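Observations on chain architecture
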Amino acid sequence: MKIAVIFTGGTIGSVVKGMWMSTDDSAKFALIANYKKVTSDTEFVTSSPYTVLSENLSAKELNLLQKEVEKTLQKDVDGIIVTHGTDSLHYAACALEYAFGNCEIPVVLVSSAYPLEDERENGNKNFEAAVEFIKSKKAKGVFVSYKNEKETKTNIHIPTNMLQHSELSADIYSITGEPFAEYDRNITLLKGKLSEKSFGAVEYSENSGILVIDSHPGDGFGYSLDGVKAVILKPYHSATLDTANENLHVFCRKAKELKIPVFVVGVKSGVAYESTKLFDDIGITPLPYGTFVSAYMRIWAELSKRKHL
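Presented here is an overview of the structure given in this document. For every chain, the first residue of the written sequence is number 1, and numbering continues from 1 along that sequence. It should be noted that, the model being predicted, local features are given only for residues of pLDDT at least 70 and side-chain atom pairs only at 80 or more, the latter also being counted only at that level, while totals for whole chains, interfaces and linings use all residues. Hydrogens and waters are ignored; side-chain quantities use all the structure's heavy atoms.

**Here we look at the packing of aromatic side chains**
- Two aromatic rings from Phe, Tyr or Trp, using only the six-membered ring of Trp, form a pair when their centres are within 6.5 Å; if the ring planes differ by under 30 degrees the pair is stacked, by over 60 it is edge-to-face, and anything between is tilted. This structure, assessed with the given rule, holds 15 aromatic pairs.
- With a centroid separation of 6.1 Å and 75 degrees between ring planes, the pair formed by tyrosine 35 and phenylalanine 127 is classed as edge-to-face. Of this pair, tyrosine 35 sits in helix H1 (residues 25-36) while phenylalanine 127 sits in helix H4 (residues 123-136), placing them 92 residues apart in sequence. A single burial state applies to tyrosine 35 and to phenylalanine 127, both of which are buried.
- Here phenylalanine 44 and phenylalanine 127 contribute two aromatic rings whose centre-to-centre distance is 5.7 Å and whose plane-to-plane angle is 40 degrees, an arrangement assigned as tilted. Taken together, the residues span a long stretch of sequence, with phenylalanine 44 in strand S4 (residues 43-47) and phenylalanine 127 in helix H4 at a distance of 83 residues.
- We classify phenylalanine 44 as buried; its relative accessible area is 13%.
- Residue classification places phenylalanine 127 among the buried residues on the basis of a relative accessible area of 1%. Helix and strand definitions here come from DSSP, where helices need a minimum of 4 consecutive H or I residues and strands a minimum of 2 consecutive E residues; each element is numbered from the N-terminal end. Only protein chains enter the calculation, and the probe is 1.4 Å; a residue is then buried if its accessible area is under 20% of its type maximum, exposed if over 50%, and partly exposed in between.

Structure below.
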């Protein structure tokens, strides 16, 4: 069994020095060394297209990561593990799913809530689960391996189903209520075969051109639309917006005049609150039910493709 490991930095590749946490080349190889203490039946080949803390993820890194994964998929390996920071893990994972979701081997992203030297870390468990998932040969495509703080099992998520972290929490959950699979000494599949979502690698534009607006009371909607190509409204948890706010109406009218689409995420079909009846009148388009990050990355990809046509 041969597995390629692509290191990109993040907490999983960082150490604490004094009061600061920063990436360190010595930290990333600890994952492989720690796994080999358990078993030596796996050969690892490594590469590192860049090293950043994941909050600094930009189009440059996304494009480099896609190229590195694409190149590695041409090699004689049984699977690929990408180490990544947690802050922008969801975004990179969705980008890779959209690019390589139909690939013939598993590509699994792993991260850690704390540096590997911290007793609270989950990076080693996430890495172990990723390796075992690849070795099980039970699925192919792009996934994320992640163990929540108070759980004993490690979950294997489909990137486009992953919800953003809850406030002040590093735990990860799926929009469907359960992950694709779980690891607890053995790999157990919980979901059926993945649907095909891949549309190939995209050269992401430096500026996404997407204005994201979180719902909160008292919003004056005085946002500039200069350079904006699309707007995503993040509603309250019940998929509602303050449609009684005249400032929202004015903002949407201005966007329509500028031919800038205004989308809202998280809206389910079926019975809805009365306030949502105004979406169409105001000029707000509900996107198919799904996560914010998957919508953001899909729109960024589509806008980038248009730019490069």
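**Thoughts on the pattern of salt bridges**
- We define a salt bridge as a side-chain nitrogen of Lys or Arg found within 4 Å of a carboxyl oxygen belonging to Asp or Glu. Considering all chains together, one arrives at 10 salt bridges under this definition.
- Note that lysine 135 and glutamate 132 form a salt bridge whose closest N and O atoms lie 3.5 Å from each other. Of the two residues, lysine 135 and glutamate 132 both sit in helix H4, 3 residues apart, roughly one turn of that helix.
- In the salt-bridge network here, residues are joined through shared partners; they are Asp41, Glu132 and Lys135.

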